[in-house]
Amino acid sequence: MTPLGLYLPGTSPLHRVPAGWKFLALLSLAVLVLVVGSPLWLGVVTGMVVLGYFVAGIAPRHCWGIARLLVPMLGLVFAVQWWLLGLDSAAVVCLRLLAALAAANLFTLTTRVEDLVAAVERGLRPTRRFGVRPERVGLLVGLTLQAVAALSTMASQTREAQRARSADRSVSAFAIPFLVRTLRHADELGEALAARGVGDD
Amino acid sequence: MIEFEDVGHDYDDHAVLDGVNLRLPERRVAFVGANGSGKSTLARMINGLVLPSRGRVLVDGHDPAREGRAVRKRVGFVFTNPDSQIVMPTAGEDVAFSLRGRGLSKSQRRDRAAEALARHGLDGYAEHPAHQLSGGQKQLLALCSMLVLEPDVLVCDEPTTLLDLRNKRRFVERLEQLEQQVVLVTHDLELLEGFERVIVLDAGRVVADDLPETALKHYRALIG
Ligand SMILES: Nc1ncnc2c1ncn2[C@@H]1O[C@H](COP(=O)(O)OP(=O)(O)O)[C@@H](O)[C@H]1O
Ligand SMILES: [Mg+2]
């Protein structure tokens, strides 16, 4: 079970928008929610994102993973903010997070990573003359999204191993094996990429 | 052909390989040896992931130390851990990833990827999240992602160690069908059926190099 949604094949209008435009829209939305400070308008933006899920035809069961991640996190943020800064700011911060993360999740559900990577490479092509290598950036984007899936798999494996030894509440019984797994994964992944010729081009 | 000319390797002033001289023209070559005997180090030298401290390695006359790129085009590599070899979210994208920079269009890449998946026991898995495949399927995917590049040599470093018996058998079946030269590092003597040559390593040296039966007698005596 991965917390962030992976691509769900579909034919909805949202699926068919070119990846590059969708990515720009996502970035604009992230900027918008940072600029807008009214809870009402943030609520409207969040409502539009939710509408996007309906347009894309995403079944509720595919939102379970992200909901499990978002709800406790937002709950915690809301409580802390309310206590420190009052109800209004708490609502604003939480709506910002909710709108941005839900939109990012919707983006990954409706966009093939391959298409995003290609769009990033195409979009960055003019920066080549400044020494940027678009293929590398594209690869980085793809790997980052893949790493989220890999990390969450490793986290749940570590948690299972921890439970199996009934070390449920120990932080170090989770953190240390998780760190070791992560580092080993990074090392092995680097080697596998080199074997596939990454770095040779 | 793969050649090792008086190859040695040190990690922190400690020799883990020494005096290795081998010419490997056979289609099926295996390395066996205890943990730490230097098998992985030797295997990684074939595609330049590890460069020898002494001597040199040649693949069809190309030295990985100087022509890494040309060598990696010829040599595919399957590692032990299936989870670490997948770089894209879906099986199809992962195979297509291998074809980057080959001047193919997106749809050509996608077609070739689907074709490769179908050929190696993953028919219909192109859209499947790679991390939700079983261990054995992931290892087949790693194999696919290498084979789609049509290497002349496939090096596998204990590719079945983390697989269950059924998945192991499946993987081995695929290996047997390959036309390519296969260099296999393994602990599992069951995999050596059909191999033409088995090389036994001990503490960084070749201690036996023979037909499987004879070499394995040596190996069994060694680990006795
Ligand atoms: N990156 C490294 N740094 C230091 N020592 C290493 C490294 N990789 C392997 N070794 C050491 O080199 C020896 C041979 O390792 P390896 O080639 O992995 O053997 P095998 O695959 O036969 O188990 C071992 O003693 C191992 O500890
Ligand atoms: Mg090894």
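Residues numbered from 1 in each chain as written. Chains lettered and ligands numbered in written order. Predicted model: local features only at pLDDT ≥ 70, side-chain atom pairs only at ≥ 80, totals over all residues. Heavy atoms only, no water.

## Observations concerning the UniProt feature "domain: ABC transporter" (unreviewed entry) in chain B
Working step 1: In the numbering adopted here, UniProt assigns the feature "domain: ABC transporter" (unreviewed entry) to residues 2–223 of chain B.
Working step 2: Taken end to end, residues 2–223 of chain B comprises 33% helix and 27% strand; its first and last C-alpha atoms sit 28 Å apart. (UniProt positions renumbered as here; feature names shortened; annotations may be inferred. Helix = DSSP H or I, 4+ residues; strand = E, 2+ residues; numbered from the N terminus.)

## Let's talk about the environment of Asn 167 of chain B
Residues and elements named next belong to chain B.
Working step 1: Relative to the elements of secondary structure, Asn 167 occurs in helix α6 (residues 165–177).
Working step 2: Looking at Asn 167, the relative accessible area reads 12%, which means it is buried.
Working step 3: Each C-alpha atom of the pair Asn 167 and Gly 38 lies 26 Å from the other, and the pair is 129 residues apart in sequence.
Working step 4: Setting aside anything within four residues of it in sequence, one finds Asn 167 in contact with Ser 134, Gly 136 and Gln 137. (Buried < 20%, exposed > 50% of the residue type's maximum accessible area, 1.4 Å probe, protein only. Contact = heavy atoms within 4.5 Å.)

## Points about the domain arrangement of chain A
Working step 1: Structurally, chain A comprises domain 1 (1–111) and domain 2 (113–201).
Working step 2: Relative placement of domain 1 of chain A and domain 2 of chain A: their C-alpha centres are 23 Å apart. (Domains from an automatic or database assignment.)

## What to know about the site of ligand 1
All names here are of chain B.
Working step 1: The environment of ligand 1 is made up of Tyr 11, Val 16, Ala 34, Asn 35, Gly 36, Ser 37, Gly 38, Lys 39, Ser 40 and Thr 41.
Working step 2: At 2.7 Å, a backbone N or O of Gly 36 approaches an oxygen atom of ligand 1.
Working step 3: The separation between an oxygen atom of ligand 1 and a polar side-chain atom of Ser 40 is 2.7 Å.
Working step 4: When the free accessible area of ligand 1 is taken as 560 Å², the share hidden by the protein chains comes to 58%.
Working step 5: If you tally residues by element for the shell around ligand 1, the top one is helix α1 (residues 39–45), at three residues.
Working step 6: A class-by-class count of the residues in the shell around ligand 1 yields three nonpolar, six polar and one charged. (Near = heavy atom within 4 Å. Polar contact = N/O pair within 3.5 Å; in protein donor to acceptor, adjacent residues only side chain to side chain. Areas by Shrake-Rupley, 256 points an atom, 1.4 Å probe, with all protein chains shown as cover. Nonpolar A, V, L, I, M, F, W, Y, C, P; charged D, E, K, R; others polar.)

## Concerning the interface of chain A and chain B
Note on interface size: it is often stated as the accessible area lost on association of the parts.
Working step 1: Contacts between the two partners involve 27 residues from chain A and, on the opposite side, 29 residues from chain B.
Working step 2: In total, about 2,700 Å² of surface goes out of reach between chain A and chain B, with carbon and sulfur atoms giving 54% of it.
Working step 3: For chain A, the biggest contributors to the area lost against chain B are Glu 114, Arg 196 and Asp 200 of chain A; these three give 28% of the whole.
Working step 4: Applying the counting criterion to the chain A and chain B interface returns six salt bridges.
Working step 5: Note that Glu 121 of chain A is salt-bridged to Arg 100 of chain B, the shortest N-O span being 3.2 Å.
Working step 6: Our enumeration of links across chain A and chain B arrives at nine residue pairs in polar contact (both at pLDDT 80 or more). (Buried area = accessible area lost by both parts, 1.4 Å probe. Salt bridge = Lys/Arg side-chain N within 4 Å of Asp/Glu carboxyl O.)

## Side note on the nonpolar core
Nonpolar side chains in soluble globular proteins tend to end up buried together.
Working step 1: Counting residues in hydrophobic clusters, the biggest one holds 69 residues, and the most contacted among them are Phe 4, Phe 31, Leu 141, Leu 154 and Leu 175 of chain B.
Working step 2: Of all the elements, helix α5 (residues 135–147) of chain B adds the most residues to this core, at six residues.
Working step 3: Setting aside residues up to four positions removed in sequence, Leu 175 of chain B forms contacts with Arg 28, Leu 143, Leu 154, Cys 156, Val 182 and Leu 184 of chain B.
Working step 4: Counting 20 residues, the second-largest nonpolar core is a separate cluster that includes Ile 58, Ala 99, Ala 102 and Leu 116 of chain A. (Core = buried A, V, L, I, M, F, W, Y, C linked by side-chain atoms within 4.5 Å.)

## A short note on helix α2 (residues 19–35) of chain A
Residue and element names in this part refer to chain A.
Working step 1: Over its 17 residues, α2 runs 24 Å from end to end, which matches the ideal 24 Å to within 8%, given 1.5 Å per residue.
Working step 2: Inspection of α2 places Ala 19, Lys 22, Leu 26, Leu 29 and Val 33 among the buried residues, and these make up the whole buried set. Viewed along the axis of α2, the buried residues span an arc of 75 degrees, placing them on a single side of the element. When the buried face of α2 is taken as reference, the exposed residues oriented beyond 90 degrees from it are Trp 21, Leu 34 and Val 35.
Working step 3: Buried positions along α2 lie against α1 (13–16), α3 (39–55), α5 (87–110) and α6 (113–123). (Expected span 1.5 Å × (residues − 1). Arc of directions from axis to C-beta.)

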